[in-house]
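Chain by chain, the residues run as shown.
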Amino acid sequence: MSEAREKHVVVVGGGVIGMSVAWRAAAAGHRVRLVDAEPASGASYVAGGMLAPVAEAWPGEEELLELGSESLRQWPAFADELGRASGLPSGLRGAGTLVVGVDSADRTELDNLADYLARLGRAVTRLSGREVRRLEPSLGPAVRGGLEVPGDLAVDNRQALIALRAAATAVGVDFVAAHAKRVRPGAVELENSTVDCDVAVIAAGVNSGALHPVLQDRIRPVKGEILRLRARATALPPPNRTIRGPVRGRQTYLVPRDDGGLVLGATQYEVGFDTEVTVGGVRDLIADAERLMPGLAEYQLVEAAAGLRPSTDDNLPALGWLEPGVLAATGHHRGGFLLAPVTVEAVLALLRGEEPAAEVKAADPSRWGEQQCSS
């Protein structure tokens, strides 16, 4: 049965998921507070912004591919609505993705990916090294071949975060600058006070596990280092498409920005809550990226940063009721931006007392065997 009445919703977490949920829930008529000591920081601020479920597909993660593909389908409308609501650019880029490889082992991995996607009915175009360089002249001779994935998108994460905060503010979201300590039915406990609510939405990234017992030990941090570069006057311009692929077995991506910028990523380590950038991480990122695009040596190094991806054992997010009055919208691993639209629609459906889209079912926290209840 639909429950369309206005609710007092407290969203815990001010990254891309939390701000997207807060904005759209307020726009739907709910009274919304967002609790975060530093909104638009953390993993969302560091992210590369790839919206690439097909290019990142992996055998055994078919449910994640379906969830990501549905969210990708929603992204253009989500971006249009965000632009109108905020009066600012959403940051969406539609040029697609090239997945490339530089040696025989990498080429084998690309062939395996193409065969896997074909079995799922998701054909991609196989390209020779010459064809890849014809599409993206900044790529070097070491690139031996690739796959064109025209449907994938990308977004400038920092533009999107600015627009999300503006849109949330415009519809009356109340931002509470505080750290949440615990979430329970009817209340979010802060350091020195309590915020009452009808529904609490946990969207606190890697900190989510400390807020509710069902999420404890289910959400873990996976560190990723990332570099931001900018083309100098003497350098070749960045590629137009997102470039990603294995380089000597390490996954590498180059995501262009409209201002001549280029984001390089990303390392992946299981080292707890460490957010320090290491020399080894920077070395590997630059070395692998230069194999794909030798002209990077002429770029300006603007920033080196590290973020913590909120990850689960199966790489699916936690999206659903934890108990009456407490929703989870967390654990999106490297797909926070990609999965924002489908997450928002699922949360809005649950707030109405309705079932979310079929693709969301696999992400329900009930898969962990805990007793789940609807609101």
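Rules and cut-offs
Counting from 1, residues in each chain are numbered in the order their sequence is written. Predicted model: local features are reported for residues with pLDDT of at least 70 only, side-chain atom pairs are reported and counted for 80 or more only, and whole-chain, interface and lining totals are derived from all residues. Side-chain measures here rest on the full set of heavy atoms in the structure, leaving out hydrogens and waters. In this description, strands pair whenever DSSP reports at least two bridges between them. Starting at the N terminus, helices and strands are each numbered in turn, a helix being any DSSP run of H or I of at least four residues and a strand any DSSP run of E of at least two. Note on contacts: a residue pair qualifies if any of its non-hydrogen atoms lie within 4.5 Å across the two residues. Axis lines are fitted to C-alpha atoms, over the contacting stretch for helices. Their N-to-C directions set the angle, which ranges from 0 to 180 degrees. UniProt positions are given in the numbering used here, feature names are shortened, and annotations may be inferred rather than shown by experiment. An automatic or database domain assignment supplies the residue ranges for each domain. By buried area we mean the combined loss of accessible area, with a 1.4 Å probe, across both parts when two parts are placed together. By convention in these notes, a salt bridge is any Lys or Arg side-chain nitrogen within 4 Å of a carboxyl oxygen on Asp or Glu. Definition of a polar contact: a pair of N or O atoms within 3.5 Å, with one able to donate and the other able to accept a hydrogen when the atoms are protein atoms, and with sequence-neighbouring residues admitted only if both atoms are side-chain atoms. Amino acids outside the nonpolar list (Ala, Val, Leu, Ile, Met, Phe, Trp, Tyr, Cys, Pro) and the charged list (Asp, Glu, Lys, Arg) are all regarded as polar, and Gly is one of them. Exposed residues in this analysis have more than 50% of their type's maximum accessible area, buried residues have under 20%, and partly exposed residues fall in between, with area computed by a 1.4 Å probe over protein chains only. These descriptions rest on fixed angle ranges, namely under 35 degrees for roughly parallel, over 145 for roughly antiparallel, 65 to 115 for roughly perpendicular, and the rest for oblique. Note on convention: near helix rotated counterclockwise from far helix by under a right angle means a left-handed crossing. Clockwise means right-handed. The span expected for a helix works out to 1.5 Å for each residue beyond the first. To be clear, the arc concerns the directions from the helix axis to the C-beta atoms.

**Thoughts on the sheet that holds strand β3 (residues 50-51)**
Whenever strands of a sheet pair, they do so through backbone hydrogen bonds, lying parallel or antiparallel.
Next, step 1: Pairing in this open sheet of three strands is antiparallel, and the strands run β3-β8-β4 from one edge to the other. Here the strands that pair on one side only, and so sit at the sheet edges, are β3 and β4 (92-93).
Next, step 2: Looking at chain direction, β3 and strand β8 (residues 153-155) are connected through two bridges and run antiparallel. Paired with leucine 51 across the bridge in β8 is leucine 153.
Next, step 3: Relative to the sheet, helix α3 (residues 62-86) contacts β3, β4 and β8, its axis offset from that of β8 by approximately 45°.

**Some remarks on the UniProt feature "domain: FAD dependent oxidoreductase" (unreviewed entry) in the protein chain**
Next, step 1: Mapped onto the present numbering, the UniProt feature "domain: FAD dependent oxidoreductase" (unreviewed entry) falls on residues 8-344.
Next, step 2: Structurally, residues 8-344 is divided into 29% helix and 30% strand, and its ends, taken at the C-alpha atoms, are 16 Å apart.

**Details of the domain arrangement of the protein chain**
Next, step 1: Domain parsing of the protein chain yields domain 1 (8-68 + 157-218 + 313-368) and domain 2 (97-149 + 221-311).
Next, step 2: Taken over C-alpha atoms, the centre of domain 1 sits 28 Å from the centre of domain 2.
Next, step 3: Facing the 28 residues of domain 1 at the interface are 30 residues of domain 2.
Next, step 4: Counting each side, the surface lost to burial between domain 1 and domain 2 is near 2,300 Å², with a carbon and sulfur contribution of 62%.
Next, step 5: Joining domain 1 to domain 2, the criterion identifies three salt bridges.
Next, step 6: The partner of glutamate 303 in a salt bridge is arginine 158, with the nearest N and O atoms 2.8 Å apart.
Next, step 7: The interface formed by domain 1 and domain 2 holds 12 residue pairs in polar contact (both at pLDDT 80 or more) in total.
Next, step 8: Secondary-structure elements contributing two or more residues to the side of domain 1 that touches domain 2 are α2 (42-46), α3 and α6 (157-170).
Next, step 9: Class assignment for the residues of the side of domain 1 that touches domain 2 results in 13 nonpolar, nine polar and six charged.

**Focus on the pairing of strand β15 (residues 242-247)**
Next, step 1: Counting buried positions over the six residues of β15 gives six, a clear majority of the element.
Next, step 2: Note that strand β5 (residues 97-101) and β15 share three bridges and pair parallel. The residue of β15 that forms the bridge with threonine 97 is threonine 242.
Next, step 3: Bridging between β15 and strand β16 (residues 250-256) involves five bridges; their strand directions are antiparallel.

**Observations regarding unusual backbone geometry**
Next, step 1: Note the cis peptide between glycine 265 and alanine 266, where omega equals -15°.
Next, step 2: Even without glycine at this site, alanine 40 takes up a positive phi of about 60°.
Next, step 3: Here alanine 40 shows up in the loop between β2 (31-35) and α2.
Next, step 4: For aspartate 217, which is not a glycine, the phi torsion comes out positive at approximately 70°.
Next, step 5: Secondary-structure assignment places aspartate 217 in the loop between β13 (199-202) and β14 (220-230).

**Digging into the environment of arginine 158**
Next, step 1: Counting through the fold element by element, arginine 158 comes out in helix α6.
Next, step 2: Residues arginine 158 and tyrosine 45, spaced 113 residues apart in sequence, show a C-alpha to C-alpha distance of 6.2 Å.
Next, step 3: Excluding residues that lie within four positions of it along the chain, arginine 158 makes contacts with Tyr45, Val46, Arg228 and Glu303.
Next, step 4: Within the local environment of arginine 158, its side chain forms a polar contact with the backbone oxygen of tyrosine 45, the two atoms lying 2.9 Å apart.

**As for the packing of helix α1 (residues 16-27) against helix α8 (residues 340-351)**
Next, step 1: Two elements in contact, α1 and α8, have axes separated by 9 Å at closest approach and are oriented at 45°. The angle between the axes of α1 and α8 places the two elements in the oblique class. With respect to the hand of their crossing, α1 and α8 are arranged in right-handed fashion. The segment α1 lies against α8, with Val16, Ile17, Ser20, Val21, Arg24 and Ala25 engaging Ala340, Thr343, Val344, Glu345, Val347, Leu348 and Leu351.

**Things to note about helix α7 (residues 279-292)**
Next, step 1: An ideal rise of 1.5 Å per residue puts 20 Å on 14 residues; α7 measures up with 20 Å between its terminal C-alpha atoms.
Next, step 2: Residues of α7 that are buried include every one of Gly281, Val282, Asp284, Leu285, Asp288, Ala289 and Leu292, and no others. All buried residues of α7 project into a common sector of 165° when viewed along the axis, lining one side. Facing away from the buried side of α7 by over 90 degrees, the exposed positions are Val279 and Arg283.
Next, step 3: Buried residues belonging to α7 abut β5, β14, β15, β16 and β17 (261-265).

**Digging into the packing of α3 against α6**
Next, step 1: At a closest axis distance of 8 Å, the pairing of α3 and α6 adopts a crossing angle of 60°. In this view, α3 runs oblique relative to α6, as classed from their interaxial angle. For α3 against α6, the interelement crossing comes out left-handed. Between α3, through Phe78, Leu82, Ala85 and Ser86, and α6, the contact on the second element is made entirely by Ala160, Ala163, Leu164, Ala166, Ala167 and Ala170.
Next, step 2: Class assignment of the residues belonging to the contact of α3 with α6 gives a composition of nine nonpolar, one polar and no charged.

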